[in-house]
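As a plain string of letters, each chain reads:
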Amino acid sequence: MSNNPSKGGPERSSRREFLRKSATAVAGAAVVGNLGIARNAHAQGSDQIKIALIGCGGRGTGAAINALSNKATPNVKLVAMADAFKDRVDRCLAAVKERCKDRVDVPEDRQFIDLDCHQKAIDCGVDMVLLCTPPGFRPMQFEAAVKAGKHVFMEKPLAVDGPGVRRIMAANEEAKKKGLLVAVGHHLRHETKHSETIQRIHDGAIGKLEYLRAYFDTGAIWVRPRKPDQTEMQYQVRNWYHFNWVCGDHIVEQHVHDLDVCNWMMKDAHPIEANGMGGRQVCKTKDHGEIFDHHAVEFTYADGVKMFSQCRQIPGCWNSFSEHAHGTKGYASIQGHGSSVLQVEGQEPMRWHRGPDGHQVEHDDLLAALLAGKPYNEADWAAASTMTAILGRMATYSGKVVTWDQGLNSELDLSPASYTWDAAPPVKPDKDGYYACAIPGVTKAW
Ligand SMILES: NC(=O)c1ccc[n+]([C@@H]2O[C@H](COP(=O)([O-])OP(=O)(O)OC[C@H]3O[C@@H](n4cnc5c(N)ncnc54)[C@H](O)[C@@H]3O)[C@@H](O)[C@H]2O)c1
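Residues numbered from 1 in each chain as written. Predicted model: local features only at pLDDT ≥ 70, side-chain atom pairs only at ≥ 80, totals over all residues.

Close to the ligand lie 26 residues; Gly55, Gly57, Arg59, Arg88 and Glu155 are nearest. At the level of secondary structure, the elements contributing two or more residues to the shell around the ligand comprise helix 2 (58-68) and strand 2 (76-83). With 3 residues, the single largest contributor to the shell around the ligand is helix 2. (Near = placed C-beta within 6 Å. Helix = DSSP H or I, 4+ residues; strand = E, 2+ residues; numbered from the N terminus.)

Structure, rendered in structure tokens:
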């Protein structure tokens, strides 16, 4: 197997295989979906779409409001909520009611609290679930939703390790067979500045792509300090961002947005290998758990195109949330929160403003497809983007070149043996309360 980042090597075949499976499955979905979706949406003799929210934190609250405010239909109701902690449900319910009062009907007996609350919410007669928990729980919760025949909106990223990505891919095949709609919270895919710019890149406006750049450089993320009465599992789930079995590190949690855009620029190809470096320089208190505070990765696509990526969560530094493509005839730059520009050599630059918020448009699009009985599935490319980010973490943690095949087929499973509050999480603090983090050159990262 080639370890030379500049060459495609035998890993090319794995990319073809990944895409072939996706394409075949989408074609299948088009056949099954038209029947399955229409039947499902009207199954109970009612046009009302009943929704359960699983994971009632910041994004869950936003996603519920977006779903209830969708442009396609007013006939949608939030009927169940589930979270690991009661205070999160209480706060979220109040916020969603304030914005969408008439579309909320969540009595106490449809509020579910615990680490395995998702199943009860899935089982209480809903048509669609919003999975907005941390990504370590996504494979388990997506599998449960698909098994029960529910349409799904799920937040990015989709998993935190190779086994998790494989579980998502397998469950997504089942979702397609059942005609279920599956949306993923990559809101940039639904923003004008991205779609207009990337369509022109695909049309060849800037020539053959030579290299890409991606940034998610921001200040420090929150910490949720330990409380005296918490079990270790309660502490880690509450302070989830800083533990890889729940979060995957910020290269997976946040930077996946930009890595997804780069894969999209490459017509939904994914890198075949990665090498990189990273560490923790500033954010390294006990509550910062085990994640790095910076990563820089060089990804290589099968045709030799490079993608240079960096993400940092350190206060007081240069910040950027953006993606850039450089081709033989020009370049394109897209700001995550701003506008985009595409410059063809010798011509006036073209510019696009953000347009409507992608967080809202993604729900408008999903519910419009559901009502129209059209297939809708975003999980194939989203699984590849999640795997791209995990591949980057494997490279920075190990300090070695890692191939797509090695990453995707990895047996390194970060999940805990059981999901109960008194169970032992996969990582434990040392006698002083600190957690070990990866050491490049030593750590086995896949
Ligand atoms: N697309 C976007 O722009 C965007 C923005 C923010 C967050 N997100 C994504 O949304 C997800 C949640 O992030 P957030 O910022 O809302 O975090 P958050 O901490 O505010 O919310 C997560 C919620 O999930 C709950 N939870 C944890 N484990 C659970 C379990 N097993 N079952 C049920 N509930 C559980 C937590 O108690 C918490 O209330 C992440 O995957 C994140 O990447 C996406």
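A few words on the confidence of the model for the protein. Looking at the protein as a whole, the pLDDT averages 91, with 90% of positions reaching at least 70. Here residues 1-45 is modelled with pLDDT under 50, and outside its nearest four sequence neighbours on either side it reaches 63 contacts, counting other chains as well. (pLDDT = per-residue confidence, 0-100. Contact = placed C-beta atoms within 7 Å.)

Here the focus is the sheet that holds strand 4 (residues 128-131). Within a sheet, each strand pairs with its neighbour through backbone hydrogen bonds, oriented either parallel or antiparallel. The 6 strands are arranged 3-2-1-4-5-6 in an open sheet whose pairing can be described as parallel. Looking at the sheet topology across the chains shown, the edges are occupied by strand 3 (111-113) and strand 6 (182-184). Across the sheet, the mean angle from the axis of one strand to that of its neighbour is 20 degrees, orientation sign disregarded. Sheet topology places strand 4 next to strand 5 (residues 151-154); 4 bridges connect them, and they run parallel. Residue pairing in the sheet places Leu131 in a bridge with Met154 of strand 5. Across the face of the sheet, helix 3 (residues 86-100) comes into contact with strand 2 and strand 3 while running at roughly 160 degrees to strand 2. (Pairing = 2+ DSSP bridges. Axes fitted to C-alpha atoms, helices over the stretch in contact; angles between N-to-C directions.)

Before going further, it helps to examine the nonpolar core. Of all hydrophobic cores here, the largest spans 120 residues; its most connected members are Ile51, Ala52, Leu53, Ala121, Val129, Leu130 and Met265. Here the element with the most residues in this core is helix 12 (residues 379-398); it accounts for 12 residues. The residue makeup of this core includes at least three contributed by each of domain 1 (9-188 + 361-377) and domain 2 (192-355 + 387-408). Not counting the four nearest positions on each side in its chain, Leu130 is found in contact with Ile51, Leu53, Ile54, Gly60, Ala63, Ala64, Ala67 and Phe153. (Core = buried A, V, L, I, M, F, W, Y, C linked by C-beta atoms within 7 Å. Buried ≥ 20, exposed ≤ 12 C-beta atoms within 10 Å, placed from the backbone. Domains from an automatic or database assignment.)

Next up on the list: the sheet that holds strand 15 (residues 402-403). The strand order across the open sheet built from 9 strands is 14-13-12-11-7-10-9-8-15, with neighbouring strands paired in mixed fashion. Pairing within the sheet leaves two strands with one partner each, and these edge strands are strand 14 (350-352) and strand 15.

It is worth spelling out the environment of Ser69 at this point. Inspection of the secondary structure puts Ser69 in the loop between helix 2 and strand 2. Taking the C-alpha atoms as reference points, Ser69 and His363, 294 residues apart in sequence, are found 8.5 Å from one another. If sequence neighbours within four positions are ignored, Ser69 has contacts with Cys100 and Gln360.

This next bit is on the pairing of strand 13 (residues 340-344). With 5 bridges joining them, strand 12 (residues 330-335) and strand 13 adopt antiparallel strand pairing. By the bridge assignment for strand 13, Gly330 is matched with Val344. With antiparallel pairing between neighbouring strands as the criterion, strand 12 and strand 13 make up a hairpin whose turn holds 4 residues. By the bridge criterion, 3 bridges tie strand 13 to strand 14 in an arrangement that is antiparallel. Bridge pairing in strand 14 places Val341 opposite Arg351. Counted along the chain from strand 13 to the antiparallel partner strand 14, the turn is 5 residues long, and its residue Gly346 has a positive phi close to 85 degrees.

What follows deals with the packing of helix 6 (residues 162-177) against helix 12. One way to put it is that helix 6 packs onto helix 12 with a least axis distance of 10 Å and a crossing angle of 175 degrees. Classed by the angle they form, the pair helix 6 and helix 12 counts as roughly antiparallel. Side by side, helix 6 and helix 12 meet where Gly162, Val165, Ile168, Met169 and Asn172 of the first sit next to Ala379, Asp380, Ala383, Thr386, Met387 and Ile390 of the second. When grouped by side-chain class, the residues that make up the contact of helix 6 with helix 12 number 7 nonpolar, 3 polar and 1 charged. (Parallel < 35°, antiparallel > 145°, perpendicular 65-115°, else oblique. Nonpolar A, V, L, I, M, F, W, Y, C, P; charged D, E, K, R; others polar.)

So, on to the environment of Phe321. Mapped onto the elements, Phe321 comes out in strand 11 (residues 320-327). Judged by the 20 C-beta atoms lying within 10 Å of it, Phe321 falls in the buried class. With 66 residues separating them in the primary sequence, Phe321 and His255 have C-alpha atoms 8.7 Å apart. Contact partners of Phe321, with chain neighbours within four places excluded, come to Tyr215, Phe216, Gly336 and His337.

Let us now look at the packing of helix 2 against helix 11 (residues 358-372). Following both chains from N to C, one finds helix 2 and helix 11 inclined at 50 degrees, their axes separated by 8 Å at the closest point. Accordingly, the angle class assigned to the pair helix 2 and helix 11 is oblique. In this structure, helix 2 meets helix 11 at a crossing whose hand is right-handed. For the pair helix 2 and helix 11, the contacting residues are Gly62, Asn66 and Ala67 in the first and His359, Gln360 and His363 in the second. Of the residues contributing to the contact of helix 2 with helix 11, the split by class is 1 nonpolar, 5 polar and no charged. (Left-handed = near helix turned anticlockwise from the far one by under 90°.)

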